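The chain contents come next:
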Amino acid sequence: MTALISVLCIILIALVIVQIGRVTELAAKIRGEEAAQQDANDRNAWISLVFMVVFLISCVASAYYYKNDILWYGPHESASVHGGQLDSLFDITLLFTGIVFFITQILLFWFAYRYKNEPGRKALYMPHDNKLEIIWTVIPAVVMTFLVVGGLDAWNEVMADVPEDAVAGEDYIEIEATGMQFLWSMRYPGKDNLLGTKDFRKITANNSLGIDFSDPKSWDDVVSSAAGEVIKLPIGKQVRVRITARDVLHNFDLPHFRVKMDAIPGLPTYFTFTPSITTEDYRAKLGALNKDGSPKYPEWHELSDPTDPESEPRWKAFQFELACAELCGRGHYSMRRIVEVVSEEEWREWANSQTSFYFSSIRGSEEDPNLGKLLPIEIRERKEAFTTAVKRAIESTEETDKVLRLEHVNFETGSARLTANSRYELDNLVSVLDDYENMTIEVAGHTDATGDPEMNMELSDSRAQAVYNYLTGKGISGERLVAVGYGQTQPIDSNETEEGRQKNRRTEFKILTQ
């Protein structure tokens, strides 16, 4: 109904304009063409002046009214260190272009009024004026020189890369943003603070970024691609963002941080910036009150959802955001990601809690280039976990806590021959026995209930003896060790399921004295 009424109004206005034109033509015939033309000139000249005044006042009023939302003044100061320099450059440019805008608009409409056609007036023929041309050439050239020099100075500072001697993780952090239809896939470094290499030829359904997992730097990288996942950044820490795209042209846009850079397939770019305010502090600024208790920025105290009276005010719901500022397809709108700036301590805690993409999605699969190998990072993590478990057992007063399973000690099927990777776990046990010289232990072998009980007992005893021999071969005195095979007599789970039988097949050690 609203659309129909709007169409009818447009048709009615068109009819009115046509009728006015006909009436004007009829009046001109009655009064004479010259008199009618002169009236039209006078009328249009005055209309030009009125339009100029209304137009310029509207420009100033609308700019002032929308200064916080469109021009980003007021509470929307830059949330990055470099942003203030860009804002200053914008203000200077706006000042000069604003002056030129008002001068040209006033002259345009004034000339239309002042030099309207009048009887007996003859136009001045002025094909050339050196003085005038020098004025309108030199003044813009001088202004442009200052603007360009200032812009180049800002460019060189803002676009500078991290120093060559900067240390990743200490002086800056490096993350990667890959644009694809229709999401931003973020990659963070792990504990080594380094991002692994990529190769587009390695892109698969599981490895959408083409990460090269033969590069050790990629093993602890964290990948965040889900639209609902928050991008976390630390305040006061320089952030270097690798920016690339997998399919079409995208644009990495963090408007609150004055960060904007094209993401181009096959041509990696970067941007470095330092967040200068946390999300919570920015919200507090939006929700600030005047001395009399009234909102400093009333628009931010409106409901975040006008249809829900119970919704929180806009300033409490505020979030920094990452957008794509390039029209990249029908799902362009869905590339929005939330960005949260927190303290460096909170960011470190969050980063340490993230799971490596390689170990959670690739390790042990057919796409794993290190299949069958034990990686240095796994050896290190296993040793840390083993040492922690032993310390906890030593400190405990419970007898059951003194029994520890050798999780990564394995044997070839049906034999007492240790697998190659078992030595790392046993070496950890050797280190513990070296650290605790008075410790004595019992090494126990267990099997599941599959097969003959007597053979299982013999197999478990042989496996316990194999561990005993390995430890003594590493210099541990046999007087500190006892090797016992329990066969299938001490199950810890059901033997009716494969999962239960796997748990029952185990090698343990028990701390006897410490």
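Residues numbered from 1 in each chain as written. Predicted model: local features only at pLDDT ≥ 70, side-chain atom pairs only at ≥ 80, totals over all residues. Heavy atoms only, no water.

### Some remarks on the overall build of the protein
Operational definition: Helix and strand definitions follow DSSP, with helices as H or I runs of at least four residues and strands as E runs of at least two, each counted in order from the N terminus. The globule rule used here is 2.2 Å times the number of residues to the 0.38 power, and the radius of gyration it is set against is calculated over C-alpha atoms. For the exposure calls, accessible area comes from a 1.4 Å probe over protein chains only, and a residue counts as buried if that area is under 20% of its type's maximum, exposed if over 50%, partly exposed in between. Note that accessible areas follow from Shrake-Rupley with a 1.4 Å probe, and for residues the cover is restricted to the protein chains shown.
Helices and strands together make up the secondary structure of the protein, namely 12 helices and 14 strands. At 38 Å, the protein has a C-alpha radius of gyration far larger than the 24 Å of a compact globule built from 514 residues. Reported as C-alpha extents along the three principal axes, the dimensions of the protein are approximately 130 × 60 × 55 Å. Scored against the burial criterion, the 514 residues of the protein give a buried share of 34%. A total of about 30,800 Å² of accessible surface is found on the protein, and carbon and sulfur atoms cover 58% of it.

### Thoughts on the pattern of salt bridges
We count it as follows: By definition, a salt bridge exists where a carboxyl oxygen of Asp or Glu is found within 4 Å of a side-chain nitrogen of Lys or Arg.
Overall, the coordinates contain 21 salt bridges when judged by the stated rule. When the shortest N-O distance is used, the salt bridge between arginine 505 and glutamate 498 registers 3.3 Å. Its relative accessible area of 33% is what places arginine 505 among the partly exposed residues. Judged by its relative accessible area of 45%, glutamate 498 falls in the partly exposed class. As a salt-bridge pair, glutamate 508 and arginine 506 come within 2.7 Å of each other at their nearest N and O atoms. Judged by relative accessible area, which is 6%, arginine 506 ranks as buried.

### Focus: the pairing of strand β14 (residues 506-513)
Stated precisely, the cut-off is as follows: A pair of strands is labelled paired if DSSP reports no fewer than 2 bridges between them.
Taken together, the 3 bridges between strand β11 (residues 403-405) and β14 define a ladder with antiparallel strand orientation. Looking at β14, one finds that valine 403 is bridged to lysine 510. Where strand β12 (residues 440-446) and β14 come together, 7 bridges link them in antiparallel fashion. Residue pairing for β14: glutamate 442 is matched across the bridge by lysine 510.

### Some thoughts on the pairing of strand β6 (residues 250-254)
Among the 5 residues of β6, 5 are classified as buried, and the element is accordingly described as predominantly covered. As paired elements, β6 and strand β7 (residues 259-263) share 5 bridges and run antiparallel to each other. Bridge pairing in β7 places leucine 254 opposite valine 259. Connecting β6 to the next strand, β7, in antiparallel fashion are 4 residues, including arginine 258 with a positive phi near 55 degrees.

### A closer look at the packing of helix α9 (residues 376-395) against helix α10 (residues 422-435)
Under the convention used in this document: Here an angle of 0 to 180 degrees is reported between the N-to-C directions of two axes, which are lines fitted to C-alpha atoms, with helices fitted over the stretch in contact. We call two directions roughly parallel when the angle between them is under 35 degrees, roughly antiparallel when it is over 145, roughly perpendicular when it lies between 65 and 115, and oblique otherwise. The sense of a crossing depends on the near helix, which, turned anticlockwise from the far helix by less than a right angle, makes the crossing left-handed and, turned clockwise, makes it right-handed. Whether two residues touch is decided by their heavy atoms; if any such pair falls within 4.5 Å, the residues are in contact. Charged means Asp, Glu, Lys or Arg here, nonpolar means Ala, Val, Leu, Ile, Met, Phe, Trp, Tyr, Cys or Pro, and polar covers whatever is left, Gly included.
With their axes 10 Å apart at the nearest point, α9 and α10 run at an angle of 40 degrees to one another. As the angle between them shows, α9 and α10 are arranged oblique. Between α9 and α10 lies a crossing of right-handed hand. Taking contact as the criterion, the partners of Ile379, Arg382, Lys383, Phe386 and Val390 in α9 are, on α10, Tyr424, Glu425, Asn428, Leu429, Ser431 and Val432. Here the contact of α9 with α10 is composed, by residue class, of 6 nonpolar, 2 polar and 3 charged.

### Things to note about the sheet that holds strand β1 (residues 172-180)
Spatially, 5 strands are ordered β3-β2-β1-β5-β8 in an open sheet, and the strand pairing comes out mixed. Every interior strand has two partners, whereas the edge strands, β3 (222-224) and β8 (269-273), have only one. Neighbour to neighbour, the strand axes of the sheet diverge by 20 degrees on average, direction disregarded. Bridge count for β1 against strand β5 (residues 238-245) is 8 bridges, and the pairing is parallel. Looking at β5, one finds that glutamate 174 is bridged to arginine 240.

### Quick look at α10
Since the α-helix advances by 3.6 residues per turn, residues separated by three or four positions end up pointing in the same direction. Filter applied, for reference: By definition here, a helix of n residues has an expected span of 1.5 Å times n minus one.
Helix length check: α10, at 14 residues, gives a terminal C-alpha distance of 20 Å against a target of 20 Å (1.5 Å per residue), a fit within 8%. Restricting attention to buried positions, one finds in α10 the residues Ser422, Glu425, Leu426, Asn428, Leu429, Val430, Val432 and Leu433. In this structure, the buried residues of α10 make contact with α9, β11, β12, α11 (453-473), β13 (481-487) and β14.

### Here's the deal with the nonpolar core
Cut-off, in case you're wondering: Nonpolar cores are built from buried Ala, Val, Leu, Ile, Met, Phe, Trp, Tyr and Cys residues. Side-chain atoms within 4.5 Å join them into one set.
In this structure, Trp184, Phe252, Phe257, Phe273 and Phe320 are the most contacted members of the largest nonpolar core, which totals 40 residues. If you tally residues by element for this core, the top one is β5, at 4 residues. In this view, phenylalanine 320 contacts Ala79, His256, Phe257, Ile277, Thr278, Thr279, Tyr282, Arg337, Ile338, Val339 and Val341; residues no more than four positions away in its chain are not counted. By size, the runner-up hydrophobic cluster in this structure holds 24 residues, among which are Leu426, Leu429, Val443 and Leu471.

### Some details on the sheet that holds β7
The strand order β4-β10-β9-β6-β7 describes an open sheet built from 5 strands, whose pairing is mixed. Strand pairing shows two members of the sheet lacking a second neighbour, β4 (231-234) and β7, which therefore form its edges. Between one strand and the next, the sheet's axes are offset by a mean angle of 25 degrees, whatever the strand orientation. Pairing analysis gives 3 bridges linking strand β9 (residues 320-324) to strand β10 (residues 337-342), with the strands arranged antiparallel. The partner of phenylalanine 320 across the bridge, within β10, is valine 339. Sitting on the sheet, helix α7 (residues 344-352) touches β4 and β10, and the angle it makes with β4 is about 135 degrees.

### Notes on the side chain of arginine 187
What counts, and what does not: By the criterion applied in these results, polar contacts are pairs of N or O atoms within 3.5 Å in which, for protein atoms, one can donate a hydrogen and the other can accept it, and in which residues neighboring in sequence qualify only through two side-chain atoms.
Position of arginine 187 among the secondary structure elements: in strand β2 (residues 183-188). By relative accessible area, arginine 187 is classed as buried at 0%. A distance of 2.7 Å separates polar atoms of two side chains, one belonging to arginine 187 and the other to aspartate 221. For arginine 187, the contacting residues outside a window of four places in its chain are Ile175, Glu176, Leu195, Gly196, Lys198, Leu209, Ile211, Asp221, Val222, Val223 and Arg242.

### Quick look at the packing of aromatic side chains
Cut-off, in case you're wondering: Working definition: rings of Phe, Tyr and Trp (its six-membered ring) pair if their centres are within 6.5 Å, and the pair is stacked with planes under 30 degrees apart, edge-to-face with planes over 60 apart, and tilted otherwise. Any Lys NZ or Arg CZ that is within 6 Å of a ring centre and within 35 degrees of that ring's normal is treated as a charge sitting over the ring.
Considering all chains together, one arrives at 22 aromatic pairs under this definition. On the numbers, 5.5 Å between centres and 55 degrees between planes, the contact of phenylalanine 51 with phenylalanine 109 is tilted. Linking phenylalanine 51 in helix α2 (residues 33-65) with phenylalanine 109 in helix α3 (residues 83-114), this pair joins segments that are 58 residues apart in sequence. Here phenylalanine 51 falls in the partly exposed class, since its relative accessible area comes to 46%. Pairing phenylalanine 111 with tyrosine 115 gives two aromatic rings, centres 5.4 Å apart and planes at 70 degrees, and the pair type is edge-to-face. Joined through ring pairs, the aromatic side chains of Phe257, Phe273, Tyr282, Trp300, Phe318 and Phe320 make up one cluster. The side chain of lysine 116 reaches across the aromatic face of tyrosine 113, ending 4.8 Å from its centre. The ring of tyrosine 270 is capped by arginine 240, whose NZ or CZ atom sits 4.6 Å from the centre of that ring.

Distances and angles like these do not, on their own, reveal function.
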